[in-house]
Every structure is written in C-alpha cells, then in structure tokens.
Amino acid sequence: MEAEISYAIDLPQVVNSMNAQVFSWEHGVVNFTDNEIWFPTETSWKVIPLRSLENVCIDISPAVINDIRKESGYLDELMVNYKKSSLFGSSHIKHSMILAGNPQDLAQIKDHLIEKIGLRVNTSFEGLKEEEIKLLNLLATGTKDINSYLPLISEDRNILQRAFETLKRRDLVDKSARITQQGQYYLEKTKETSDPAIEKPFPFELEPEIETQIASNDLKPKDTIVQFTKKYEYSFTSGSVFLEDLWRYIMVPEIKDIGLKVSNISKPYIHIQTRSGTSIDIECENSQVILALEIIFNEKENIQTRLLACLYLNIKEDYNIANTLYFEPKYLNSQLNELIANRLIEPDKTLSNNGFENIRHNLNFERSVSLEHFKETLQ
C-alpha cells in the first residue's frame, strides 16, 4: 500500500517533552510493503525494515500534537518506535518516526503495521500460556543449570520446545535463549497484575541476586547488557548495548565528569558529563556491573584496577579492551604482562584469586561509602 503523508524519521525516542518544530519534516508518497517502509529522498529511497519496528501508536503529549498539526497541516498523526538499522554487533539505538496525514490513511497504515509485526505492538501481551510464562521467568534468572529446572515447567519436551518458539516469535527471548528487553518489559508489566503464575512460577527462589554479592567471573546473560541514554539539547537517544560495545558510544578522553548516583528505587547508575555538553546515564540490573563500569571509565582510577574491572566484566578481546580503556595496544600488552607477573590474572586473562580479592575490595568496600552518601541525599 502507499499513502501521501508528511513524516519525520530518525527522531529521539522520547519526544513528548520536545517541540515538534525542531523535527525535520518531509512530505511525499510513502510505500508500505510486507517487509519494509520506503520513504522517498531526493535521489533514492530510505528503507526501514518492519522487523526493526517495536511499538506502533505511541502516546504523544497534547503540546507536541499541536506542534505536529501546525507544522504538517494534517489533523491526525501516528508515532512508531523502531531500532535503527545501523548496529554495532548486537547493540541498537531506539528511534521514532511520526507520520501525519488523513485519518483514513493513517488508520490503514496502523492496521497494516499491526498486522505485519503482530504482538510486538500489544503492550499487554495477553495470551501467553502458563508454561510460556514459567519458561520466560526461568530464562530471566540466567541460571546456569537450566535443565534441572525444566521438569518444573513440563515433562513433555515438545511442550517446552513450543513454548520457547512462542517466546522467540514474540521477541521475548532471542535465539540463544537470552531474555530480550521486550521480555524484561513483559515481566515488569505482568508483575503489576499480581498474577500468581507470574509472581511464583516455581516453589522456590532461583539464584536470587543480592545487592551485596561479591565479585564473580560468572555474570548472568542479562548482566552483559546495559541500558544507556544520551542527551544533548533537544537530542535524545536510548538503547541497550553489550558491555564490549560501550566504547563505541563513550570515549574516555571525552569524559569531563563521571560519578555514581542512586535512582528512586535505590539502584546505582552512572552519570557522565562530556566535554561537548552531552550527558550520559548507564543502568544495569546488576549493581556490581555499574560499579565496575564506573571504575573502567574513570581516568583517575588506578590503571591496573581499571584493567581488572574490564576482565571482571568479561571484556577480554584486546581490541575491545584497548578501545574501552583508551590504551595503545603496546601499552595494553605491557599492563597485561604485569598483571600476569603479579599473579592477578592468568595467561588466558581470567582473574586469579588475588585478582578477585582486588576487584572485590574496590566494588564492595570503597564504593559502598559513595553509594551510602548518595542514598542519604535522597532521603
């Protein structure tokens, strides 16, 4: 199908607090195929795959709606969130597009998009079966010994396989059985309903995460991903990034100030101010990951402690370590050799017992003082 509409794409995901007049509006005939959206440009087409869409029909504040209608000249609008196609590894940044046009055209576009991307637009996620809910909860724990818990869901392997395929098809888990952000969002939303099947999927707790946990070299899958937001004046981007890809968004020499803060739910997060005036926040479910990252990106920290923190987070490829810490390759090799000589790491870059003690001291003791100070300021 095709429709003549006005549109603004590659927008920061959160636009409700911004003025729509700062957006770059275009007008033309847009094509919607079974797999893509085609936007005309002066010389070619800009294509957004439907598989990158995440949400359709996002709420927009009345103030922004007024600006959209004033700028576009139309009386109806449709906002869609999507993952930008230029990815680093498996990382992504979320963006939005706003379509403005006749109500009949936008209604058809909305129906078309919902039909093509299915339940990803349904934020209530109704219809999951009990075994699918239990499997999703189990995968969210990141437990190493998953096979021993599967009989608690079902003894029938076919049922388990179908449950996994359903979760994968709905983008709640990926093909490696790691829970996605969509899956995390689903669990958060369903917990609000107090459904017993959600609250207690098993008769006992599975490896609960404790805030005072000691350093471990066995991070759960969900701990390898952090959420970040970048803000600069009217620009705003957010996304999920694998730890080894963070250096692509944060360069140490650009950091002017870095520190730990505590959210309103008593979770620590990192706040960074860059020399160009950009602010960056980094969050993770595992507080130890945040404490380690604050060491890594802080140039005032001991060099070898920063390197140990990298290895603790399983950032082990020389290329990623060098870029994360902003080390020259030769300098990195000399520091690694020194850590090996001091018996803080093994030749394969795993932490030795002494290395664990070193990083545990930095994560659990030195930073606890700073965190307590931040918590007091919130009270």
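Predicted, not measured: the structure shown is a model, and the values here were computed from it.

Engineer: When you look at the nonpolar core in this model, what are you seeing that I'm missing?
Structural biologist: The tendency in soluble globular proteins is for nonpolar side chains to be buried side by side. Membership of the largest hydrophobic core comes to 44 residues, with the highest contact counts inside it found for Ile-250, Ile-282, Leu-293, Phe-297 and Leu-313. Among the elements that take part in this core, helix α7 (residues 287-296) stands out by supplying 7 residues, more than any other. Excluding residues within four positions of it along the chain, Ile-250 makes contact with Ile-255, Ile-272, Ile-280, Ile-282 and Phe-297. Ranked by size, the runner-up nonpolar core spans 20 residues in total, among them Tyr-7, Ile-37, Leu-50 and Met-97.

Engineer: Help me understand the confidence of the model for the protein chain, please; the structure alone is not making it clear to me.
Structural biologist: Summing up the model confidence of the protein chain, the mean pLDDT is 76 and the portion of residues at 70 or higher is 74%. Element-level mean pLDDT values for the protein chain span from 41 in helix α6 (residues 196-199) up to 93 in helix α8 (residues 303-312). This stretch, residues 193-217, has a pLDDT under 50; its non-local contacts, to residues over four places away or in other chains, come to 55 contacts.

Engineer: Whenever I open this one, the packing of α7 against α8 confuses me. Can you help?
Structural biologist: Axes are the key here: two packed helices are described by the angle between their axes and the distance separating the axes. One can describe the packing of α7 onto α8 by two numbers: an axis separation of 8 Å at closest approach and a directional angle of 145 degrees. Note on packing geometry: the crossing formed by α7 with α8 is left-handed. In this structure, α7 contributes Gln-288, Ala-292, Ile-295 and Ile-296 to the contact, and α8 contributes Thr-305, Arg-306, Ala-309, Cys-310 and Tyr-312. By residue class, the composition of the contact of α7 with α8 is 6 nonpolar, 2 polar and 1 charged.

Engineer: Is there a simple way to think about the pattern of salt bridges in this case?
Structural biologist: When the charged atoms of two side chains lie near each other, side chains of opposite charge can form a pair. Scanning the entire structure with this criterion turns up 5 salt bridges. Where Glu-165 meets Lys-168, a salt bridge forms, and the shortest distance between an N and an O atom there is 3.5 Å. Of this pair, Glu-165 and Lys-168 both sit in helix α4 (residues 157-169), 3 residues apart, which is roughly one turn of that helix. Judged by its relative accessible area of 29%, Glu-165 is partly exposed. A relative accessible area of 31% means that Lys-168 is categorised as partly exposed. A salt bridge links Arg-360 to Glu-357, with the nearest nitrogen and oxygen atoms 2.6 Å apart. With a gap of 3 residues between them, Arg-360 and Glu-357 both fall in helix α11 (residues 353-378), about one helical turn apart. Take Arg-360: its relative accessible area is 27%, and that puts it in the partly exposed class. Glu-357 gets classed as partly exposed once you look at its relative accessible area, which sits at 42%.

Engineer: Please clarify how the pairing of strand β8 (residues 225-232) should be interpreted in this entry.
Structural biologist: Relative to strand β9 (residues 235-242), β8 is paired through 8 bridges, and the arrangement is antiparallel. Bridged to Phe-228 within β9 is Gly-239. Where β8 and strand β12 (residues 279-283) come together, 5 bridges link them in antiparallel fashion. Bridge pairing in β12 links Thr-229 to Asp-281.

Engineer: So what exactly am I meant to see when it comes to the side chain of Gln-304 here?
Structural biologist: Tracing the backbone through its elements, the reader meets Gln-304 in helix α8. Among the polar contacts listed, one links the side chain of Gln-304 to the side chain of Glu-338, at a separation of 3.1 Å. In this structure Gln-304 touches Gln-335, Glu-338, Leu-339, Asn-342 and Leu-344, once residues within four positions along its chain are discounted.

Engineer: I would appreciate a short explanation of unusual backbone geometry in the present structure.
Structural biologist: The bulk of non-glycine residues show a negative phi, and the bulk of peptide bonds are trans. Residue Tyr-326 is not a glycine yet carries a positive backbone phi of 60 degrees. Note on placement: Tyr-326 falls in the loop between α9 (318-325) and α10 (329-341). Despite not being glycine, Arg-343 has its phi angle at roughly 60 degrees, a positive value. In this fold, Arg-343 is placed in the loop between α10 and α11.

Engineer: Could you clarify how one ought to interpret the pairing of strand β11 (residues 268-274) in this entry?
Structural biologist: Consecutive side chains along a regular strand alternate between the two faces of the sheet. In terms of residue burial, β11 counts as a mostly covered element, since 6 of its 7 residues are buried. Note: strand β10 (residues 255-262) against β11, 7 bridges, orientation antiparallel. Within the sheet, the bridge partner assigned to Leu-260 lies in β11 and is Ile-270.

Engineer: Before we go on, may I ask you to explain the environment of Trp-45 in this structure?
Structural biologist: Summarising the element assignment, Trp-45 is placed in strand β4 (residues 45-49). Using a relative accessible area of 40% as the deciding quantity, one classes Trp-45 as partly exposed. The sequence separation of Trp-45 and Val-30 amounts to 15 residues, and the corresponding C-alpha distance is 9.7 Å.

Conventions we followed
Residues numbered from 1 in each chain as written. Predicted model: local features only at pLDDT ≥ 70, side-chain atom pairs only at ≥ 80, totals over all residues. Heavy atoms only, no water. Core = buried A, V, L, I, M, F, W, Y, C linked by side-chain atoms within 4.5 Å. Buried < 20%, exposed > 50% of the residue type's maximum accessible area, 1.4 Å probe, protein only. Helix = DSSP H or I, 4+ residues; strand = E, 2+ residues; numbered from the N terminus. Contact = heavy atoms within 4.5 Å. pLDDT = per-residue confidence, 0-100. Axes fitted to C-alpha atoms, helices over the stretch in contact; angles between N-to-C directions. Left-handed = near helix turned anticlockwise from the far one by under 90°. Nonpolar A, V, L, I, M, F, W, Y, C, P; charged D, E, K, R; others polar. Salt bridge = Lys/Arg side-chain N within 4 Å of Asp/Glu carboxyl O. Pairing = 2+ DSSP bridges. Polar contact = N/O pair within 3.5 Å; in protein donor to acceptor, adjacent residues only side chain to side chain.

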